[in-house]
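# Structure assessment
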Amino acid sequence: MEDLDLPQMKREVESLQYQLAINRVSSITVTELVKWIEGCVCDDPFLNPELMRANPWVEKGKCVIL
Amino acid sequence: MGEMEELRKEADNLKDQITEARKVVQDTTLQEAVAGTTLVGRVQLKTRKTLRGHLAKIYAMHWGTDTNCSKLCVSASQDGKLIVWDTLTTNKVSAIPLKSSWVMTCAYAPSGNMVACGGLDNMCSIYNLKGKDGNVKVMRELAAHTGYLSCCRFLSDSEIITSSGDCTCVLWDIETGTEKTIFAGHLGDCMSLAVSPDFKMFISGACDFTAKLWDIREASCRQTFSGHESDINAIGFFPNGNAVITGSDDATCKLYDLRADQELITYQDSGIMCGVTSLAPSLSGRLLLAGYDDFNVNIWDMLKAERVGVLAGHDNRVSCIGVSSDGMACCTGSWDSFLKIWN
């Protein structure tokens, strides 16, 4: 903060006033976040092996029987 | 002298008020909310492809998102090349020679039509991938930053946001090549940025140890998140846009709740003593993949804050990481000049 000049310091104070005024929701948001994650886990290919069955990056068999 | 002192006092007072306001809304912690949650089982991802072709350290990579390029990615190396890869075949779709080899960042436009890069040349260069004669050419050079370009991300084919060592972030009009908005406020080099899933906000991480949330159209800083004890090198949005993940030289990652304006948890381990270089959440946000200076990627259970896996395979620092838009693969880029695809 020591490096700021007067105009920068004024802008910093204005910015802090603006940031103080934002609407803060109670941390019930935490429970919502957890629910959201738990709802999406089954769609997450890294956590649901079913979704990785058809893995486009896995080499198919090298030899083809003609 | 007097005015400066008064302003300083007012700033400190406001910061204290913000700390108080945050305490008031804190009625649950993440630890409490997940007390009954089981830890995710060991996550083991294998290297499926190695993308070989760069001749020097890779500094950045970014996946394509459009359905036509969701298996394509772009990488930037200090060998002076941007390479667009087809990760399924490992073929190089484009190998773009750069004017300046000191590149630090690259980005793929959501449309798949363009890529961008920049670095110590202080500029963001935009390349058109879909030129008429098939040649990839520089479309625009966005110059105005007075410091290195650390990161860039497209909002669309006509707008891009950049972060710079000059402590600012800028929203550019690509068509005219001019600055639309300058986002100033960080007190140290801006190292990284990420755009929210709804494209209305972006977050920046800087060497002043803070992360800032910016409203793109209002051109204002909405929130500042502190807590890290060193430079923030990597930043990303949680998949639903309601939280922010940061990675720092202090060897930790942190999760911040945007709506409650609080730090939720720190991802740290006494065995990890090196800086975090890059990070990406998995599709559900349950896993956090973070690249470190010790050549590894650690996989964290984001809810329980414990390590559940490691991606080991690079012979030098992992400098960049990304999860594809369908969540099916993770790509890591390293100073060892290789990119690897894991799942």
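Residues numbered from 1 in each chain as written. Chains lettered and ligands numbered in written order. Predicted model: local features only at pLDDT ≥ 70, side-chain atom pairs only at ≥ 80, totals over all residues. Heavy atoms only, no water.

### Quick word on the UniProt feature "coiled-coil region" (unreviewed entry) in chain B
Heads up, the condition is: UniProt positions are given in the numbering used here, feature names are shortened, and annotations may be inferred rather than shown by experiment. Helix and strand assignments come from DSSP, with helices taken as H or I runs of at least 4 residues and strands as E runs of at least 2, each series counted from the N terminus.
When the UniProt feature table is mapped to this numbering, "coiled-coil region" (unreviewed entry) covers residues 4-31 of chain B. As annotated, residues 4-31 of chain B has a helix share of 86% and a strand share of 0%, and its two end C-alpha atoms lie 42 Å apart.

### Describing the UniProt feature "repeat: WD" (unreviewed entry) in chain B
Look at the UniProt record and you will see "repeat: WD" (unreviewed entry) annotated at residues 51-95, 142-182, 183-224, 225-266 and 311-343 of chain B. Between the C-alpha atoms that bound residues 183-224 of chain B there is a distance of 13 Å. The span itself is 0% helix and 57% strand.

### Structural notes on the confidence of the model for chain B
Put simply, the rule is: Every residue carries a pLDDT, the predictor's confidence in it, which falls somewhere between 0 and 100.
With 100% of its residues at a pLDDT of 70 or more, chain B shows a mean pLDDT of 96. Predicted as a complex, the structure gets a pTM of 0.94 and an ipTM equal to 0.90.

### A look at the sheet that holds strand S27 (residues 330-334) of chain B
Residues and elements named next belong to chain B. Rules: Any two strands with at least two DSSP bridges between them are considered paired. To get an axis, a line is fitted to the C-alpha atoms, and for a helix only the part in contact is used. The angle between two axes follows their N-to-C directions and goes from 0 to 180 degrees.
In spatial order, the strands read S1-S28-S27-S26; together these four strands make up an open sheet with antiparallel pairing. Of all strands in the sheet, those bounded by a partner on one side alone are strand S1 (47-51) and strand S26 (318-323). Going from strand to strand, the sheet's axes swing by 20° on average, the running direction of each strand aside. Pairing of S26 with S27, which is carried by five bridges, proceeds in the antiparallel orientation. In the sheet register, Cys320 faces S27, and the bridge partner there is Gly333.

### A few points about the interface of chain A and chain B
Put simply, the rule reads: By definition, residues are in contact when any of their heavy atoms lie within 4.5 Å. Summed over both partners, the accessible area (1.4 Å probe) lost when two parts come together is defined as the buried area. Put simply, a salt bridge is a Lys or Arg side-chain nitrogen that is within 4 Å of an Asp or Glu carboxyl oxygen. Counting of polar contacts relies on pairs of N or O atoms within 3.5 Å, with two restrictions inside protein: one atom must be capable of donating a hydrogen and the other of accepting it, and residues adjacent in sequence are counted only when both atoms are side-chain atoms.
Counting from both sides, the interface comprises 45 residues of chain A and, opposite them, 68 residues of chain B. Regarding the contact of chain A and chain B, the summed buried area is about 4,700 Å², with carbon and sulfur atoms giving 69% of it. The three residues of chain A that bury the most area against chain B are Arg24, Phe46 and Trp57 of chain A, which together make up 20% of that side's buried surface. Between chain A and chain B we count three salt bridges in total. Between Arg259 of chain B and Glu32 of chain A there is a salt bridge, with its nearest N and O atoms 2.7 Å apart. The interface formed by chain A and chain B includes 13 residue pairs in polar contact (both at pLDDT 80 or more). When contributions to the side of chain A that touches chain B are tallied by element, the ones reaching two or more residues are helix H1 (6-20) and helix H2 (28-40) of chain A. Broken down by element, the side of chain A that touches chain B gets its largest block of residues, 11 residues, from H1 of chain A.

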